[in-house]
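What follows is the residue order along each chain.
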Amino acid sequence: MTLEIPGFEYTRLPGADDVELNVAVGGSGSPVVLLHGFPETHLMWRHVARELATEHLVIVPDLRGYGASDKPQATGEDVYSKRTMAADIVSVASRLGHEQFALVGHDRGALVAFRAGLDHPETITHLGILDVVPTLDMWNVLQGVSAAVGYHLFLMAQPAGLPETMIANSADAFFGSFLDAWAKDPAAIPGDVRAEYLRASAGAVDSIVADYRASAGIDVAQDQADFDAGSQFAMPVTVIQQDWGSQLGYDAAEVWRAWAPDLDHRLTQAGHFMAEETPGEIAAVIRDLLAR
């Protein structure tokens, strides 16, 4: 049985190209959409979503290719582009009656949120980013032995076939290694939740790899085009992340400021899974963002 966020109602709604997303909805008020990261599902927001639902309508989907959402075959490079995945989210919110909403993403979901903010500036009122670097900058800062931390990015960038086979043959070990390595507080992901993440990820190897492969191809091209055109976010942006700048040798705030003139950049002492490790901190950061 799939775990759910207590008190939230579940539905399936069409995104782009009629790909259906599994969506949890709770609370009432101005809408906030929360997007999960890797190797997780919408369940990573279980604490933050319930807290925000006391003041807001909170919409928490599984991204296409993840969790209980549809996993279309990657017949073209655009199927898992962040542009397409962002269009999914805009469609889901519209189906729920919201043409404008705040959007917060973690990890892979943050890259989807990034693209949504650029492609749909009239729709996204506030943008929250948890623990990623923009795609262009991600590839630029991963150099030398320090790039080993992102080995999975290079593995899943390889042509279709080999990465999928390698990962599928050791799915629990592969996905579990990230849950172990990236959490400063392992207790933040209890056994039943961990089992849910591993089950969902093992059932989505092809689509997860396709999502990552897009970030070494079409996503780079689309982000580069926006960067070359001088595109920036029109809405308030909050970025909270671990101190990757000092670890990898770059100025993280400066990287983000190039994209976000109205930027609140913060560092956290939590691990990568900050919405589960320090949900009170993340809920407060989101409330601060929404007040801007």
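See the structure above.
Residues numbered from 1 in each chain as written. Predicted model: local features only at pLDDT ≥ 70, side-chain atom pairs only at ≥ 80, totals over all residues. Heavy atoms only, no water.

**Q** For the nonpolar core, give the residues involved together with the corresponding values.
**A** Among the nonpolar cores identified, the biggest contains 100 residues, and Leu34, Trp45, Leu103 and Phe233 are the most heavily contacted of them. In terms of residue count, helix α3 (residues 108-119) provides more of this core than any other element does, seven residues in total. If we skip the residues at most four places from it in the chain, leucine 34 touches Trp45, Ala49, Leu52, Val58, Ile59, Val60, Pro61, Val104 and Ile286. (Core = buried A, V, L, I, M, F, W, Y, C linked by side-chain atoms within 4.5 Å. Buried < 20%, exposed > 50% of the residue type's maximum accessible area, 1.4 Å probe, protein only. Helix = DSSP H or I, 4+ residues; strand = E, 2+ residues; numbered from the N terminus. Contact = heavy atoms within 4.5 Å.)

**Q** Give a description of the pairing of strand β1 (residues 9-14) that names residues and reports values.
**A** Inspection of the sheet shows β1 paired to strand β2 (residues 20-27) by six bridges, in the antiparallel sense. Its bridge partner lying in β2, threonine 11 is registered against valine 23. Counted between consecutive antiparallel strands, the loop separating β1 from β2 contains five residues, among which aspartate 17 sits at a positive phi close to 55 degrees. (Pairing = 2+ DSSP bridges.)

**Q** Requested: an account of the pairing of strand β4 (residues 57-61), with residues and values cited.
**A** In terms of residue burial, β4 counts as a mostly covered element, since five of its five residues are buried. Covered by surrounding structure in β4 are Leu57, Ile59 and Pro61 together with Val58 and Val60, the residues of both alternating faces. Bridge count between β2 and β4: five bridges; the pairing is antiparallel. Bridge assignment links alanine 24 to a residue of β4, and that residue is valine 60. Relative to β4, strand β3 (residues 31-35) runs parallel, the two sharing three bridges. Paired with valine 33 across the bridge in β4 is isoleucine 59. In this view, the connection linking β3 to its parallel neighbour β4 by way of helix α1 (residues 46-52) has right-handed handedness. (Right-handed = clockwise from strand over helix to strand, strands pointing away.)

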